[in-house]
Amino acid sequence: EGLFFLQDAESLARDDFDTLRDMAEESFPCRASLLLAEIPGRTWPFMTVLVYPAEYGDEVSRWLLAMKYGGGETVEIGTNKLVAFHQAHPHIRERFEIEPVPGEAPRSLEELLAARKYAVQR
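Only a predicted model underlies this, so the values are computations on that prediction, with no experimental measurement involved. (Residues numbered from 1 in each chain as written. Predicted model: local features only at pLDDT ≥ 70, side-chain atom pairs only at ≥ 80, totals over all residues. Heavy atoms only, no water.)

Visitor: Is there a simple way to think about the overall build of the protein in this case?
Guide: Regarding its fold elements, the protein presents 4 helices and 5 strands. Listing the helices and strands of the protein from first to last along the sequence gives β-α-β-β-α-β-α-β-α. Principal-axis analysis of the C-alpha atoms gives the protein an extent of 50 × 30 × 20 Å. A burial count over the protein gives 38% of its 122 residues as buried. With the model as given, the accessible surface of the protein reaches about 7500 Å², and the carbon-plus-sulfur share is 52%. The positive charge centre, built from 13 side chains, and the negative charge centre, built from 21, are 7 Å apart in the protein. (Helix = DSSP H or I, 4+ residues; strand = E, 2+ residues; numbered from the N terminus. Buried < 20%, exposed > 50% of the residue type's maximum accessible area, 1.4 Å probe, protein only. Areas by Shrake-Rupley, 256 points an atom, 1.4 Å probe, with all protein chains shown as cover. Lys, Arg positive; Asp, Glu negative; His and termini not counted. Charge placed at Lys NZ, Arg CZ, Asp CG, Glu CD.)

Here's what the structure looks like:
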């Protein structure tokens, strides 16, 4: 899933990117990618994009709310937006890979196999 923080100025998008990167280094619920990108010709051509597994949508939303993050002039979200983003061939200015904080990492293969007999998985 993709969360897009859109800006009309590169410096504002850079601020969004730096802020999210710094906050995510301290705590983030899952593995994710953070991108600083530009798609020329758009109303908001500069963007900070947070890409994460869709099953972590609730956790990422709670994390952003807990951190009181308010980046972007406007914000867009969704897998369809992520597809459109890649099809637009954006100029990636910078990329940062986010690792989850210890204790928040996804279950290992062994844990998944041991729990497969249960009907509900979280």
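Moving on, there is more to tell.
Visitor: Before we go on, may I ask you to explain the sheet that holds strand β1 (residues 2-7) in this structure?
Guide: In sheet architecture, strand pairing relies on hydrogen bonds along the backbone and comes in two forms, parallel and antiparallel. An order of β4-β1-β3-β2-β5 is seen for the 5 strands of this open sheet, with the pairing classed as antiparallel. Both outer strands of the open sheet, β4 (74-77) and β5 (91-98), are each paired with one neighbouring strand and no more. For this sheet, the mean inter-axis angle between neighbouring strands, taken without regard to orientation, is 15 degrees. Bridge analysis of β1 against strand β3 (residues 46-51) gives 6 bridges, and the strand direction is antiparallel. Following the sheet pairing, Phe 4 is matched in β3 by Val 49. Together, β1, β2 (32-38), β3, β4 and β5 form the strand contacts of helix α3 (residues 79-87), whose direction differs from that of β1 by roughly 65 degrees. (Pairing = 2+ DSSP bridges. Axes fitted to C-alpha atoms, helices over the stretch in contact; angles between N-to-C directions. Contact = heavy atoms within 4.5 Å.)

Visitor: Please explain the nonpolar core as it appears in this structure.
Guide: Within soluble globular proteins, side chains that are nonpolar tend to cluster in buried spots. Membership of the largest hydrophobic core comes to 21 residues, with the highest contact counts inside it found for Leu 20, Phe 28, Leu 50, Val 60 and Leu 64. The greatest single-element share of this core, amounting to 5 residues, is contributed by helix α1 (residues 10-26). Apart from the residues lying within four places of it in its own chain, the contact partners of Leu 64 are Leu 3, Phe 5, Leu 20 and Tyr 69. Phe 4, Leu 6, Leu 35 and Val 49 belong to the second-largest nonpolar core, a separate cluster that totals 9 residues. (Core = buried A, V, L, I, M, F, W, Y, C linked by side-chain atoms within 4.5 Å.)

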